[in-house]
Structure formats: C-alpha cells, structure tokens
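What the coordinates show
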Amino acid sequence: MATEELDVDLAAREDLRKLGYAQEMSRSRGLLHILFMTLAIMAVPYGLAAPIATSLVGGGPVVMVWGWLLVSAFTQTLALSLAEICSKYPTSAGAYYWCFRLASPKYKVLLSWINGWLTMVGVWTIALSVTFGAAQLIVAGVGIYRPNWVATPWQTYVIFLGVTAVALVFCLFFNKYLPTIDILCACWTALGIVVILICLSVKAAAGRRPISFALGGFDAAASGWTPGWSFFIGLLPPAYTYSAIGMIASMAEEVHNPSRILPRAIAWSVPIGAIWGVVFLLPIVFTLPDVATLLSVPSGQPIGVMFTLAMGSNGGGFGLWFIVFDVGLFCAISISCAASRATWAFARDKAIPFHGHFSKISPHISDVPVNALFLSTTIQVLLGLIYLGSSTAFNAFVGVAVMCLGASYAMPVAISVANGRKDVRDAPFSLGRAGNVVNGIAVLWILFAIVLFSMPAVVPVTPVTMNYASVVFIGFAIISAVWYTINGRYHYSGPPVPCDMSSAQSPRSTPAPSKLD
C-alpha cells in the first residue's frame, strides 16, 4: 500500500512539473480526506442557519426547501464543470491557471489576472463570512440565556477576532492534524443533523406546522420586494453554502492523486450536501416558530431563539445551537486553510504585492505558507471593521464572496465553451456530449447570481440596510486594476506553462523578489 501510494505521489509530482510547478507541499490527503474537507467547507447546517434570516425575509418555508433544491441542481452543473477542468489541470493555482491555459494567447494574461483577483477577494471574504458568522452565532447562543443582552458592534467584532484567532492557531500549529479534523467535522455534521431531526420532530414545543405550510408557506411582506424577486433574494443562504465548492482545488498539491481524487470530491460533494440540507431543513419548517418573532430578534441572528422556542427550554435550544456552532467553527478552520493556500499560489505567480514574501513556505512549520496565512487573516480582520458602520455587514461579506467566487468559477467554464470545449476533450473526468449543456447552465446560473446578490435584502434601502457587497466588489476591482497598471503588467506574465520548460526554464516554485517586494 505504501509503495503504491509512493508511486502515485511520484506520478503526481511529475504531472505538476509538466504544469510548470515544483512540488513544495507534502501529499498527505486521500479521497475521503479531501471529500470531507469539501463538506467541512460547505458546512451545510451552518451555511443554511447563519443567514437564515434572509430566507425568512425572502418568503419562509418555500424559499428554504424548494430554493435549496433549486440551487443544489444549478450548483451540480457548476461542480461537474469545475471537476472536468480540474481533472486536467490539478494545481493549487486553480481557476486563474485554468483561464490562462484555456484562453487565447492575446487575452490569457489579462484574464488570468482578473480571475486571480476575483479568486483572492472571494476566498478572503468567504473565510471572513464564516468566522464573522460564527461570532454572530456566539452572540445568539449567549442570547438564549440572556435574552435582554444586545451585543454592541464592537463587542461582536471582538468576538469575531477571537474566532479568527482560533482558526489561525489551528492552521498554524495543527496543520498535520487538519485531515483528521475534517473527518471529525463530517462525522459531527452528519450526526448533528440526525440529532436535530430527532429532537425537533419529537419536541415541537412551538407547535407542528401542516404540510401546506412546511412545503408551501410563502410570505414576502417582510422584504418589500415583489413576491417573485423576494423568492430569489431568499436564495442567498443555499448559494452561500455552495459558494466555496471550487476552493478545494487550492489543495491540489497536497493530494495523492489529484487528477482523479479532486474531481470526484467536487462532483460528489453537492449531492451529499443536498441530502444533508433536506434532512436539516425539513424538521425546521415543520416546527418553525412564529416568523415575526424570529425576525424581531435584536441581534438579527434568530437561530438561538428558533431552537429555544422549538425545544421549549433554554437547555434544549442551546444544545441544538451548539451543534450548528461547532460545524461553523470546523468550517472556519478548513476554509482558512484553503484560503491561505489560494493566497500562496497567487503570490507564487507574482500577482500579489510583495509576492516574494507571501509565496514562501515556512521552514519552521511544515507545509504551512505562514506569510500567506497571515495576509489572508489580516485582510479579514480589516474588512470586519465594516460591521462597525453597518449591521448588515454579514450579508455584504456573504454577497461579495458568492459574487467573486462564482465569477472566478464561471470564467474558465465560459472560455472552455467558447473554444468548443476542445481543450477538455481528453480530461480524465470528462462530461462528454453533455458538456455544452452542463457548462451553459452553470455559467447562466452564476451570471444571474451575481446580479441577484448585489441587491439589498429589504426595501426601501437605508444606509444601515444597504447591501455593501457591490461596494467591496468594486473597491477590490479598483485595487486590482491599479496594481496591474503599476506592477502587474511589468512583472506578471501568468502562470508557468509547459513551453516554459522547453526553453530550459525550471518549474516555478518561490519566485525571486522584484523591486517592489
């Protein structure tokens, strides 16, 4: 078994060299490890519970159940599309590398740059949304026993710093245990969903809802939007849950057989997640307390009150809250790890300021890009300050993450379709004749989602309820454009490709510092 694994790793090392990179990380993850990490990043109970207020505002049970199934179906087309491309180009560079390899020579550098920065903003804000959402869950948990306590913005921010510090410590000092932690997370999530199903079904202290309400109840009055658009606004939680499915590509250089394992993990994560989501949501909609009461919670996070009312006791509510919170904390660790790898990979290709510094692998802490991890964490801490000026900052973090990651995933898929899919015909994980249809649906869904999640959840809009996702999105776009003008167009030539080696260049590892490093 060890000999076979070694042979696979040697083959993966050679394949990575052909893609233009030198092996710098140790390959320690198999299919179960990487699948469970994908599910840990997805964190279905947390992803659906943390922004549940948006689903309630958008219409309630219809949005929660049928919206989840609808988004799951669309996301599966995206997962299959990414799996196909990833199987041919399994590198931690991910989507921006794929754009570079698939686009025409005239535009490949620019498209790769744009995609890389979309990816960076996406991974930073999705990690931020998880750690910040976990902080808000702590506030909700305290509210179970102290309902009159309303956390001030700065108190919530300090709690967020604590959650971020926990994730940072695990990523720094427990890196070799992270595959085991991902497995524990998957087991905890599956067991927790079953426990929530049993507890809510048996107790139902707030009453049992008829099937007509649980599967057909819809009230868009709280959003102020028209019913149809309100339904789509309520799709943010399921879209958020699936938004980081492509981030697992950043772990490609730590996987034993990435061209086979990564696409399978990406493709299978959505059906598994969809089933988990249905099992999690059904007992909630059948025992849902009064929606107006949930939406009037001062903290804006009703999950603690919802579980307490449904269980009929503080202890019961806290127990179910604890399950969801732990899933969120596991997710914060996994997603911070993946974000650091994505940051390191982009720095390795000289696309980030001071890239020579951020592309280094620590000689003291094995297989950890320490500088990239601290950069990713620092940006999250700074962006979290937005909450001090807007109570809807969490929706902004979620919205910009969905928009940026979605756009970064759609770009290589759209380029592949525009090329007649000729570049992926020999991909190990091939979609065959269904490819054009699957790719087309995936791209159209992302385009719609980008427009959708730049909208405010409620109207009329005030400075406090404004959705600042578009502001953050445009702000980073300006930073990216300015940096490209100052430095990128002179130093960024795109990721390495096989032709680099034909001209006697070695595969790229840590780049030499430039004048601006």
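Residues numbered from 1 in each chain as written. Predicted model: local features only at pLDDT ≥ 70, side-chain atom pairs only at ≥ 80, totals over all residues. Heavy atoms only, no water.

Here we take up the overall build of the protein chain. When helices and strands are tallied, the protein chain shows 22 helices and zero strands. Here the C-alpha radius of gyration of the protein chain, 22 Å, is about what a compact globule of 517 residues would show, namely 24 Å. Taking the principal axes of the C-alpha coordinates as reference, the protein chain spans close to 70 × 45 × 45 Å. Put simply, the protein chain has 517 residues, and 57% of those count as buried. Nonlocal contacts in the protein chain, meaning residues at least 24 apart in sequence, comprise 84% of its contacts between residues at least 6 apart. Total accessible area on the protein chain is roughly 19300 Å²; 69% of this is exposed by carbon and sulfur atoms. Across the protein chain, 27 positive and 20 negative side-chain charges occur, with their mean positions spaced 5 Å apart. (Helix = DSSP H or I, 4+ residues; strand = E, 2+ residues; numbered from the N terminus. Rg over C-alpha atoms; globule rule 2.2 N^0.38 Å. Buried < 20%, exposed > 50% of the residue type's maximum accessible area, 1.4 Å probe, protein only. Contact = heavy atoms within 4.5 Å. Areas by Shrake-Rupley, 256 points an atom, 1.4 Å probe, with all protein chains shown as cover. Lys, Arg positive; Asp, Glu negative; His and termini not counted. Charge placed at Lys NZ, Arg CZ, Asp CG, Glu CD.)

Okay, the packing of helix 7 (residues 108-145) against helix 8 (residues 153-173) next. The interhelical angle for the contact between helix 7 and helix 8, taken along N-to-C directions, is 120°, at an axis separation of 8 Å. Taken together, helix 7 and helix 8 sit at an angle that is classed as oblique. Crossing hand, helix 7 versus helix 8: right-handed. On the side of helix 7, the interface is formed by Leu 128, Thr 131, Phe 132, Ala 134, Ala 135, Gln 136, Ile 138 and Val 139, while helix 8 contributes Thr 156, Ile 159, Phe 160, Val 163 and Thr 164. (Axes fitted to C-alpha atoms, helices over the stretch in contact; angles between N-to-C directions. Parallel < 35°, antiparallel > 145°, perpendicular 65-115°, else oblique. Left-handed = near helix turned anticlockwise from the far one by under 90°.)

Summed over the entire model, instances satisfying the criterion amount to 26 aromatic pairs. Summarising the aromatic geometry, the rings of Phe 174 and Tyr 177 are spaced 6.4 Å apart at their centres and angled 45° between planes, so their arrangement reads as tilted. Taking the relative accessible area as the measure of exposure, Tyr 177 reaches 43% and is therefore partly exposed. Through pairs of rings, three or more aromatic residues link up here, namely Phe 74, Trp 225, Trp 229, Phe 231, Phe 232, Trp 445 and Phe 448. The positively charged end of Arg 348 is found above the aromatic ring belonging to Trp 344, 4.4 Å away from the centroid. (Phe/Tyr/Trp six-rings, centres within 6.5 Å; stacked < 30°, edge-to-face > 60°. Lys NZ or Arg CZ within 6 Å of the ring centre and 35° of its normal.)

A rise of 1.5 Å per residue sets the reference length of helix 9 (residues 178-203), with its 26 residues, at 38 Å; its end C-alpha atoms lie 36 Å apart and thus fit the reference within 8%. Regarding helix 9, the residues found buried are Leu 178, Pro 179, Ile 181, Asp 182, Cys 185, Ala 186, Thr 189, Gly 192, Ile 193, Ile 196 and Leu 200. On its buried face, helix 9 is in contact with helix 2 (31-42), helix 3 (44-49), helix 8, helix 13 (258-286), helix 15 (303-311) and helix 16 (314-348). Two residues or fewer after helix 9 comes Ala 204, characterised by a positive phi angle close to 45°. (Expected span 1.5 Å × (residues − 1).)

Moving on, we get to helix 21 (residues 469-491). Two residues of an α-helix separated by three or four positions point the same way, owing to the 3.6 residues in each turn. Along its length, helix 21 shows its largest kink, about 60°, at Tyr 484. Looking only at helix 21, the buried set comprises Ala 469, Val 472, Phe 476, Ser 480, Trp 483, Asn 487 and Gly 488. (Bend = angle between axes of the 7 residues up to and from the residue.)

Attention now moves to the packing of helix 2 against helix 16. Viewed as axis vectors pointing N to C, helix 2 and helix 16 meet at an angle of 110°, and their least axial separation amounts to 8 Å. Our classification of the angle between helix 2 and helix 16 gives roughly perpendicular. Helix 2 and helix 16 meet at a crossing whose hand is left-handed. Along the contact surface, helix 2 presents Met 37, Ala 40 and Ile 41, while helix 16 presents Cys 331, Ser 334, Ile 335, Cys 337 and Ala 338. Residues of the contact of helix 2 with helix 16, tallied by class, amount to seven nonpolar, one polar and no charged. (Nonpolar A, V, L, I, M, F, W, Y, C, P; charged D, E, K, R; others polar.)

A cluster of nonpolar side chains, namely Trp 154, Val 158, Leu 382, Leu 385 and Leu 388, defines an oily patch on the protein surface of about 500 Å² accessible area. Note on placement: Val 158 falls in helix 8. (Patch = residues over 30% accessible without salt bridge, like charges linked within 9 Å, V, L, I, M, F, W, Y side chains within 5 Å. Salt bridge = Lys/Arg side-chain N within 4 Å of Asp/Glu carboxyl O.)

Turning to the nonpolar core, a few remarks are in order. Core analysis: the largest hydrophobic core is formed by 162 residues, its most contacted members being Ile 34, Trp 98, Met 247, Phe 280 and Phe 453. When residues in this core are grouped by element, the largest group, 18 residues, is from helix 16. In this structure Phe 453 touches Phe 232, Ile 233, Leu 235, Leu 236, Ala 239, Gly 399, Val 402, Met 403, Asn 467 and Ala 469, once residues within four positions along its chain are discounted. (Core = buried A, V, L, I, M, F, W, Y, C linked by side-chain atoms within 4.5 Å.)

Mean pLDDT over the protein chain: 87, with 93% of residues reaching 70 or higher. Contacts for the low-pLDDT stretch residues 510-517, under 50 throughout, to residues beyond four places or in other chains number 22 contacts. (pLDDT = per-residue confidence, 0-100.)

This paragraph deals with the pattern of salt bridges. Oppositely charged side chains are able to pair whenever their charged atoms sit close together. Summed over all chains, the structure comprises five salt bridges. The salt bridge involving Lys 88 is made with Asp 426; its shortest N-O contact spans 3.0 Å. Of the two residues, Lys 88 sits in helix 5 (residues 61-88) while Asp 426 sits in the loop between helix 19 (393-418) and helix 20 (435-452), which places them 338 residues apart along the sequence. Owing to a relative accessible area of 25%, Lys 88 belongs among the partly exposed residues under this scheme. Note that Glu 253 is salt-bridged to Arg 348, the shortest N-O span being 3.0 Å. Of this pair, Glu 253 sits in the loop between helix 12 (236-242) and helix 13 while Arg 348 sits in helix 16, placing them 95 residues apart in sequence. In this structure Arg 348 comes out as buried when scored by relative accessible area, which is 0%.

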